[in-house]
Amino acid sequence: MRVLAPAAAFVARTLRGEWYGIVVDPLRQLRRRGPGALLLAFVACGGVIFFHAIAQHPAGETAVRILGGVQGDLPLWLALLRTPVSLYVPALDLPVWAGITQLFIAFALAELALGRRRTLLIAYTSTLAGTLTVRVMLALGPGWWGLGLPPEIGRVLDTGPSAAVVGLFTYLAVVRRAPVVFILTGGSMVLESVAKPNLAGREHLIAVAAAVVLGLLHERALRRRQIRSVPAGMSME
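The rules behind these values
Residues numbered from 1 in each chain as written. Predicted model: local features only at pLDDT ≥ 70, side-chain atom pairs only at ≥ 80, totals over all residues. Heavy atoms only, no water. Salt bridge = Lys/Arg side-chain N within 4 Å of Asp/Glu carboxyl O. Helix = DSSP H or I, 4+ residues; strand = E, 2+ residues; numbered from the N terminus. Buried < 20%, exposed > 50% of the residue type's maximum accessible area, 1.4 Å probe, protein only. Expected span 1.5 Å × (residues − 1). Core = buried A, V, L, I, M, F, W, Y, C linked by side-chain atoms within 4.5 Å. Contact = heavy atoms within 4.5 Å. pLDDT = per-residue confidence, 0-100.

**Student:** Please set out the pattern of salt bridges residue by residue, giving values where relevant.
**Tutor:** With the rule as written, the count across this model stands at four salt bridges. A salt bridge links E61 to R65; its shortest N-O distance comes to 3.9 Å. Taken together, the positions of E61 and R65, both in helix α3 (residues 58-68) and four residues apart, correspond to about one turn of that helix. Owing to a relative accessible area of 28%, E61 belongs among the partly exposed residues under this scheme. Residue class for R65 comes out partly exposed when judged on its relative accessible area of 35%. Measuring nitrogen to oxygen at the nearest pair gives 2.8 Å for the salt bridge that ties E111 to R116.

**Student:** Quick one: what's the story with helix α6 (residues 116-140), residue by residue and with numbers?
**Tutor:** Because the α-helix completes a turn every 3.6 residues, residues three or four places apart line up on one side. Between its first and last C-alpha atoms α6 spans 36 Å; for 25 residues at 1.5 Å apiece the expected length is 36 Å, and the two agree. Along α6, the residues that are buried comprise T119, I122, A123, S126, T127, L128, A129, G130, T131, V134, M137 and L138. Two residues or fewer past α6, G141 is found with a positive phi of approximately 85 degrees.

**Student:** Go over the nonpolar core, please, and point to the residues and values.
**Tutor:** One finds L103, F107, L114, L168 and L172 to be the most contacted residues of the largest nonpolar core, which totals 32 residues. Of all the secondary structure elements, the ones that give two or more residues to this core are α2 (39-54), α5 (96-114), α6 and α7 (162-175). If you tally residues by element for this core, the top one is α5, at ten residues. Setting aside residues no more than four positions away along its own chain, L168 makes contact with A106, F107, A110, T119, I122 and A123. V134, M137, L138 and L199 belong to the second-largest nonpolar core, a separate cluster that totals eight residues.

**Student:** Outline the confidence of the model for the protein chain, supporting the account with residue identities and numerical values.
**Tutor:** Detailed reading of the predicted model is not advised wherever pLDDT is low. With 90% of its residues at a pLDDT of 70 or more, the protein chain shows a mean pLDDT of 84. Within the protein chain, no element has a lower average pLDDT than helix α1 (residues 4-33), which sits at 80, and none a higher one than α7, at 92.

See the structure below:
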């Protein structure tokens, strides 16, 4: 019992810290700034719903593919041009409504906790990292200890906001020091890639890795600014 008590106290402190860092603080920001602070979340959900509605018609589906359809065998300049729009194009083989709530929560929490610019940066970088890394895997070809991809994968439509959502949750977990959220996000992506080893699973893992790197770089830059702000002769401790 003496061993379990400190462990239980540690878990309780961790969960309490995550609750305040991930949920309570953003809700306070929402109360202070009002619904306008959720602009990105509303735009993201509205964009997905809009493109999903258009894609229900043959002509609309063609237009959506031209505007936001990204594939590994596209010229790089065209893939980069379509990538921002591809964030709002739902995967046509998945139920769009199932992910709307998750999408809204990810963008809402990130926008309230990080601000709009950093939220957009993390979302876009996470998506772009997956898109570019897939091209490297296609260039490697089959083999390479399972890292390479066969050429036919280059024709698979690669769209949707899922990589951005994964990246945002992971980044929030890193900068807000939320190990439970990190384990739930990263662990679920690992299980997904093992249970269903497809293109989306790989891109989600890449999004997690990219968000971790960005989060660690942010923490390092923050520590440097704190050190510089301390007057000479004083200790950070």
